[in-house]
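Read off the chains here:
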Amino acid sequence: AQTVTQSQPEMSVQEAETVTLSCTYDTSESDYYLFWYKQPPSRQMILVIRQEAYKQQNATENRFSVNFQKAAKSFSLKISDSQLGDAAMYFCAYRSWTGGSEKLVFGKGTKLTVNP
Amino acid sequence: DTAVSQTPKYLVTQMGNDKSIKCEQNLGHDTMYWYKQDSKKFLKIMFSYNNKELIINETVPNRFSPKSPDKAHLNLHINSLELGDSAVYFCASSPRGGSYEQYFGPGTRLTVT
């Protein structure tokens, strides 16, 4: 079974600085999708960025980028120029496709605090 | 326009009661899900439906019964509520193929007293 590990329960960053959130996963599949979701205090789950495993190029969405290391099974999220609105729980997720059924397997999350 | 909606957003009830949470998506997706987020914020899948057919049932107690009247709706009925059922329940949907992104509803915070 696939597992996702986020080793940093909490992180903090100064406004305008850069922070990296770690994520590792375990899978025997060769093709898969990885996601970072953000959950602000409103509790809405918001997709931040996605990565397709067959693409070697790291995904980028504005101030958010990933460092995808397929061999190491690592998928870290970098937030540049951090803003107060980035404060939230961040979840790394693996899209599992087994026996015709699809689900997201989540890590336990990292709580990000942005200090003014 | 709301893509995935859930009602109610908050639900407070007593142990032993039966309650339902409703979910609707207007995205035309084929697959819908229920996830449970516990007090430590851990999210785990409970069920998935594809075109009204149950696909995933992740060893959830049979007090939980999902029902999908059509592919735009997936409801969750919970019988004989227990304290441990207190959590946030998220509905989500996704299209078949493509980026496989799942779109989440706003969540229903269930508190069992």
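Just so it is clear, the structure is predicted and the values come from calculations on it, not from any experiment.

1. Looking at the interface of chain B and chain A
In this complex, chain B contributes 28 residues to the contact, which on the side of chain A involves 21 residues. When the buried area of chain B at its contact with chain A is split by residue, B:Leu43, B:Tyr100 and B:Phe104 rank highest and sum to 27% of it. Inspection of the region where chain B meets chain A yields 2 salt bridges. A salt bridge links A:Arg50 to B:Glu101, with the nearest nitrogen and oxygen atoms 2.6 Å apart. One can count 10 residue pairs in polar contact (both at pLDDT 80 or more) joining chain B with chain A. Mapped onto the side of chain B that touches chain A, the elements with two or more residues apiece are β4 (31–37), β5 (43–50), β6 (53–57), β9 (87–94) and β11 (108–112) of chain B.

2. Remarks on the sheet that holds strand β7 (residues 64–70) of chain B
For sheets, the rule is that strands pair by backbone hydrogen bonds, running either parallel or antiparallel. All names here are of chain B. The 4 strands are arranged β1-β3-β8-β7 in an open sheet whose pairing can be described as antiparallel. Strand pairing shows two members of the sheet lacking a second neighbour, β1 (4–7) and β7, which therefore form its edges. For this sheet the average axis-to-axis angle between neighbouring strands, irrespective of direction, equals 20°. Sheet analysis places β1 next to strand β3 (residues 19–25), joined by 4 bridges and oriented antiparallel. Directly across from Val 4, in β3, lies its bridge partner Gln 25.

Each value, and the rule that gives it
Residues numbered from 1 in each chain as written. Chains lettered and ligands numbered in written order. Predicted model: local features only at pLDDT ≥ 70, side-chain atom pairs only at ≥ 80, totals over all residues. Heavy atoms only, no water. Contact = heavy atoms within 4.5 Å. Buried area = accessible area lost by both parts, 1.4 Å probe. Salt bridge = Lys/Arg side-chain N within 4 Å of Asp/Glu carboxyl O. Polar contact = N/O pair within 3.5 Å; in protein donor to acceptor, adjacent residues only side chain to side chain. Helix = DSSP H or I, 4+ residues; strand = E, 2+ residues; numbered from the N terminus. Pairing = 2+ DSSP bridges. Axes fitted to C-alpha atoms, helices over the stretch in contact; angles between N-to-C directions.

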